[in-house]
Amino acid sequence: QLEIGIQTLNETVAKKINRPLNMQKIEENLHFLSTQTNAHLHLDLIIGLPGESMESFAKNLDTLMRLSQCEVQLGVLKKLSGTTLERHDGKHKMVYNQNPPYDILQTDAIDFLQMQELKRFARYFDIVYNSGKFKQTCLLWWKEGTVFEPFYRFSKYIYQVTQATHKIALERVAKVLYDFLVTEEGLDKKVVAQTMAADLQKVKMRKLPLFLRDFAVAATA
């Protein structure tokens with residue numbers, strides 16, 4: 001397993017945090033590791049870097065998802081006393097939580113409400129995509145090169161429905177995702193159900209949710 005700290009693909013932001021950005025080398029390395037090795041890759045993107053807007057972060061995620069189908073861990077910037085990032089606090093109006101884990105609350109590019117949305121986005125992305133439980137289901141509504149916008153819509157929907165980011169049962173996640181894809185995104189309910197049933201059977205879910213059981217045979221046929 002390899003942890004690859006991409007952090008950002010925005011050249012301006014990368015310069016601010018003293019991280020050289022060579023997109024050609026990143027693409028070559030990811031292609032090699034994905035196709036020529038058996039390494040399990042975790043690619044890290046950071047939310048809240050100085051000068052990084054929501055739009056910039058969205059572009060980062062879309063680009064990274066085009067380059068690889070690996071897990072993309074969406075981390076939240078945290079205050080580390082004594083690091084070079086401190087020099088950006090004033091210029092970029094970096095406001096951090098005063099209590100552990102000292103995570104970023106807002107910047108001049110991402111306001112407080114947007115930051116909360118992005119933190120929830122990261123949590124749901126972990127539950128739905130990085131968990132590997134809904135890989136093919138996600139691809140039903142993710143057009144090539146466009147991941148952030150559709151998943152952002154879902155993250156707002158699931159939060160509105162559940163009012164939670166933790167301790168959401170897998171069956172509950174599946175039903176909310178199914179409802180979202182059918183009622184909000186307009187996808188065919190049979191296609192969604194078959195794909196989701198196949199996904200959950202691949203990860204050996206002990207018992208399929210009731211609303212999917214009629215599609216289990218079709219999913220394994």
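A quick note: this is a predicted structure, and the numbers were derived from the prediction, not measured.

A. Here's a closer look at the sheet that holds strand S1 (residues 2-7). Strand order in the open sheet made by the three strands is S1-S2-S3, with parallel pairing throughout. Of all the strands in the sheet, just S1 and strand S3 (71-76) have a single pairing partner and so form its edges. Taken over all neighbouring pairs, the strand axes of this sheet differ in orientation by 30° on average, direction set aside. Each of S1 and strand S2 (41-47) touches helix H2 (residues 23-36); the most contacted strand, S1, lies at about 155° to it. Against the sheet, helix H3 (residues 54-67) touches S1, S2 and S3, its axis set at about 170° to S2.

B. Seen up close, H3. Over its 14 residues, H3 extends 20 Å from the first C-alpha to the last, a length consistent with the 20 Å expected when each residue adds 1.5 Å. Among the 14 residues of H3, ten are classified as buried, and the element is accordingly described as predominantly covered. Taken as a whole, H3 has its buried residues at Met54, Ser56, Phe57, Ala58, Asn60, Leu61, Asp62, Thr63, Leu64 and Met65. Buried-residue contacts for H3 involve S1, H2, S2, S3, helix H4 (112-130) and helix H6 (148-162).

C. Just the packing of aromatic side chains, in detail. Following the criterion strictly, the structure yields 18 aromatic pairs and no others. Relative to Phe180, the ring of Trp141 has its centre 5.9 Å away and its plane inclined at 70°; by these criteria the two rings are edge-to-face. Here the residue Trp141 occupies a position in helix H5 (residues 135-141), and Phe180 occupies one in helix H7 (residues 170-184), the gap between them amounting to 39 residues. Aromatic side chains Phe148 and Tyr152 sit 5.5 Å apart centroid to centroid with 15° between the ring planes, which places their arrangement in the stacked category. In this pair, Phe148 and Tyr152 are both assigned in helix H6, four residues apart and thus about one turn of the helix distant. Since its relative accessible area comes to 2%, Phe148 is described here as buried. Of note, Arg120 hangs over the ring of Tyr159, and the distance from its end group to the ring centre comes to 4.0 Å. Lying over the aromatic face of Tyr129, Lys135 brings its terminal NZ or CZ to 3.9 Å of the ring centre.

Calculation notes
- Residues numbered from 1 in each chain as written.
- Predicted model: local features only at pLDDT ≥ 70, side-chain atom pairs only at ≥ 80, totals over all residues.
- Heavy atoms only, no water.
- Pairing = 2+ DSSP bridges.
- Helix = DSSP H or I, 4+ residues; strand = E, 2+ residues; numbered from the N terminus.
- Axes fitted to C-alpha atoms, helices over the stretch in contact; angles between N-to-C directions.
- Contact = heavy atoms within 4.5 Å.
- Expected span 1.5 Å × (residues − 1).
- Buried < 20%, exposed > 50% of the residue type's maximum accessible area, 1.4 Å probe, protein only.
- Phe/Tyr/Trp six-rings, centres within 6.5 Å; stacked < 30°, edge-to-face > 60°.
- Lys NZ or Arg CZ within 6 Å of the ring centre and 35° of its normal.

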